Amino acid sequence: MTRKFFIETFGCQMNELDSEKIAGNLQHCGLEAAGDAAGADVIILNTCSVREKAVQKAYARLGELKRSKAVRQDLLVGVVGCMAQLEGERLLKRAPFVNILAGPQKGHLMGTLVERAQASPFPAVNLRMDEDPEPLENTQVLRASRWRAGITISEGCDQRCSFCVVPFTRGRQRDRESAHILREVEELVAQGFLEVVLLGQMVNAYRDPSPAGMSFAALLRRLAQIGGLQRIRFASPHPVGFTGDLLDAMVSHPQICNHVHLPVQSGSTRVLRAMGRDYTRETYLDIVAKIRRAPRPMAISTDIIVGFPGETDADFRDTLGLLDEVQYDSVFSFKYSPRPNTPALALGDDVPEEEKGRRLTFLQERQKLIQYNKNAAMQGQVLEVLVDGRPRSRFALSGRLTNNRVVHFFGPDDLKGRIAKVEITGFTANSLKGVRI
Ligand code: 5AD
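I will try to describe carefully the structure that is included in this document. (Residues numbered from 1 in each chain as written. Predicted model: local features only at pLDDT ≥ 70, side-chain atom pairs only at ≥ 80, totals over all residues. Heavy atoms only, no water.)

**Observations regarding the sheet that holds strand β19 (residues 432-436)**
By definition, the strands of a sheet pair up through backbone hydrogen bonds, in either a parallel or an antiparallel sense.
Turning to step 1, where the next piece is worked out: An order of β15-β16-β17-β19-β18 is seen for the 5 strands of this closed barrel, with the pairing classed as mixed. For this sheet, the mean inter-axis angle between neighbouring strands, taken without regard to orientation, is 55°.
Turning to step 2, where the next piece is worked out: Across 2 bridges, the pairing between strand β17 (residues 406-410) and β19 is parallel. In the sheet register, His408 faces β19, and the bridge partner there is Lys433. (Pairing = 2+ DSSP bridges. Helix = DSSP H or I, 4+ residues; strand = E, 2+ residues; numbered from the N terminus. Axes fitted to C-alpha atoms, helices over the stretch in contact; angles between N-to-C directions.)

What follows is the structure, given as C-alpha cells:
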C-alpha cells in the first residue's frame, strides 16, 4: 500500500515553499499526500525558530505526536526546518521518538531520509548547512495553489541583525542564477499561474551569480516581460538597498504589485543601531518619502519588535510616532525574544515581559486605528482581486488586491484562481468587503 505523508508548516512564506518542496520530493519517491495527520504514515513538522514561542509550539505538537506514536508504532515523525537545525541533537534528547531530523533546504533529500528512518531503529539526521547552491534548483515542487507560486531567488542571509537567528539556521546567502529563475517562472506561467512571489531573506541583496550579473531590479524588469504573468510580489526587501532603481522598476511595470513590505523593527535610531540595522529613523523615512512620491501609489507594511534590550519609554514613543508618520497599511509586531547564538543575547533581556505585552497592545491598538481610517478611504473604489476562495464558506470568496489587502465578497466557486473586479463596499481594520461587478 502507498505510504501517505502530511506536512504541518510553522512560520514564514519561505517555510510554506520549503514544505511544497518536501511534498514534491516525497511524491517523486512514491509517497502520497494525506488529507490530514490522522491519515498519514509520515508526519513532518516544518518548523520555525524566529521566536521562542514558535519553538514551544513545535514541542507542544511533538508532545501530541508522542501520544499518537504510542498507539501507532509504524508512524514516522520528522522535524525539519529552522527549529530542527537550531535544536539539533538536543531535540532528539527531548523527543527521542522523532525519526527524522533535518534542517531547512533538505526537501530534495526527504524521500531518502524517510527510507533511512524506515529501515533503522535510529533517527535519520541531516543537519549539514549547505553552502552549495545546487539544492536551490529543486524541480519537484508540489504546489498548494494553482495560481500563486513562491519562487526561491536566494537562500540564507549575510546581514547580521543582532536579534535574528536566521543566519544560524539558513546559513550564508546563496543566490540562484537568473536564467534558472526566469525559466521556472516561464514554466509556471505556461501552466496557468498568474502570480509569483519572489522569496529570499533580503531579496534586494540578490546578486545573480551567472555572467548576466542581474541586480534584483534588473531581475524584476526581466520577469515583467513574461507575457501572461499578471502579478509579481517579493518578500522581503531590507531598507538598506531599497534603491531608486528598484522603485523605478516597480513603478514602470504594472504587473509588479503596489506593495512594499519594508521591515523597520524600531522607530528609534538608538535601538536600530543596537539591532545592527544599518539605517537610522531619518534614512528610513527618506525611503518611505521616496516610495510615497512614486506616481503609482504603493502600500507599505512593516515588521516591528517591541521590548528590544535597552528599549526605553522614549524609544518606544519614537516607534509609535513612526507609525503615525508612515501610516502603514499593515504591521506585524512582536515581543522581543532572545535567540541562541545571536549578538543581542549579550545585551540581556531587560524589558519585563508585562511591559513588552503592554507596548505590543498599545502599538497594535494605535495601528488598528490607522488601518481603519485607511481602509475606510478605499470605499467606492473598483479594484481587481485575485480570487483565492475560502474553503469554509460555500459562497463567500476572498482574494487580494494588488496592494495586498484581503477582500471578501460573494461569487461563484469558478472565480477561484481568476482576477475579478469588485467594488469596495465595507471594511474593518484588517480586511475589506466588496461586491462583484
Ligand atoms: N524576537 C522577536 N521578533 C523577531 N523577529 C526576528 N527575530 C526576532 C526576535 N528575536 C521578527 C522581525 C522580523 C520578523 C520576521 O520576525 O520583526 O522582521
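**Things to note about the pairing of strand β18 (residues 419-427)**
Turning to step 1, where the next piece is worked out: By the bridge criterion, 5 bridges tie strand β15 (residues 382-387) to β18 in an arrangement that is antiparallel. Considered in β18, the bridge of Val382 is made with Glu423.
Turning to step 2, where the next piece is worked out: Pairing geometry for β18 and β19, over 5 bridges, is antiparallel. Directly across from Glu423, in β19, lies its bridge partner Val435.
Turning to step 3, where the next piece is worked out: Counted along the chain from β18 to the antiparallel partner β19, the turn is 4 residues long.

**Describing the side chain of Ser431**
Turning to step 1, where the next piece is worked out: In this fold, Ser431 is placed in the loop between β18 and β19.
Turning to step 2, where the next piece is worked out: By relative accessible area, which is 16% here, Ser431 ends up buried. (Buried < 20%, exposed > 50% of the residue type's maximum accessible area, 1.4 Å probe, protein only.)

**Section: the site of the ligand**
Turning to step 1, where the next piece is worked out: Surveying the vicinity of the ligand reveals the residues Val50, Arg51, Phe163, Gln265, Asp303, Ile305, Phe334, Lys335, Tyr336, Ser337 and Arg339.
Turning to step 2, where the next piece is worked out: In the model, an oxygen atom of the ligand is placed 2.6 Å from a nitrogen or oxygen of the Gln265 side chain.
Turning to step 3, where the next piece is worked out: Coverage of the ligand by the protein amounts to 85% of the 400 Å² it exposes when considered alone.
Turning to step 4, where the next piece is worked out: Elements with a minimum of two residues in the shell around the ligand: β13 (299-306) and β14 (330-335).
Turning to step 5, where the next piece is worked out: For the shell around the ligand, the per-class residue count stands at 5 nonpolar, 2 polar and 4 charged. (Near = heavy atom within 4 Å. Polar contact = N/O pair within 3.5 Å; in protein donor to acceptor, adjacent residues only side chain to side chain. Areas by Shrake-Rupley, 256 points an atom, 1.4 Å probe, with all protein chains shown as cover. Nonpolar A, V, L, I, M, F, W, Y, C, P; charged D, E, K, R; others polar.)

**Comments concerning the sheet that holds strand β6 (residues 124-126)**
Turning to step 1, where the next piece is worked out: The 6 strands are arranged β2-β1-β3-β4-β5-β6 in an open sheet whose pairing can be described as parallel. Of all strands in the sheet, those bounded by a partner on one side alone are β2 (32-33) and β6.
Turning to step 2, where the next piece is worked out: Here strand β5 (residues 100-102) runs beside β6; their pairing, made up of 3 bridges, is parallel. Residue pairing for β6: Leu101 is matched across the bridge by Val125.
Turning to step 3, where the next piece is worked out: The sheet strands contacting helix α1 (residues 13-28) are β1 (4-9), β3 (42-47) and β4 (76-81), and the helix crosses β1 at an angle near 170°. (Contact = heavy atoms within 4.5 Å.)

**Focus on the packing of aromatic side chains**
Turning to step 1, where the next piece is worked out: Under the definition given, this model contains 4 aromatic pairs.
Turning to step 2, where the next piece is worked out: Relative to Phe234, the ring of Phe216 lies with its centre 5.1 Å away and its plane at 80°, an arrangement referred to as edge-to-face. Separated by 18 residues along the polypeptide, Phe216 in helix α8 (residues 216-223) and Phe234 in strand β11 (residues 231-235) bring together distant segments of the chain.
Turning to step 3, where the next piece is worked out: By relative accessible area, Phe216 is classed as buried at 2%.
Turning to step 4, where the next piece is worked out: Exposure remark for Phe234: the relative accessible area of 8% places this residue in the buried category.
Turning to step 5, where the next piece is worked out: The residue whose ring lies beneath Arg94 is Tyr59, and the NZ or CZ to ring-centre distance is 3.5 Å. (Phe/Tyr/Trp six-rings, centres within 6.5 Å; stacked < 30°, edge-to-face > 60°. Lys NZ or Arg CZ within 6 Å of the ring centre and 35° of its normal.)

By themselves these figures say nothing about function.
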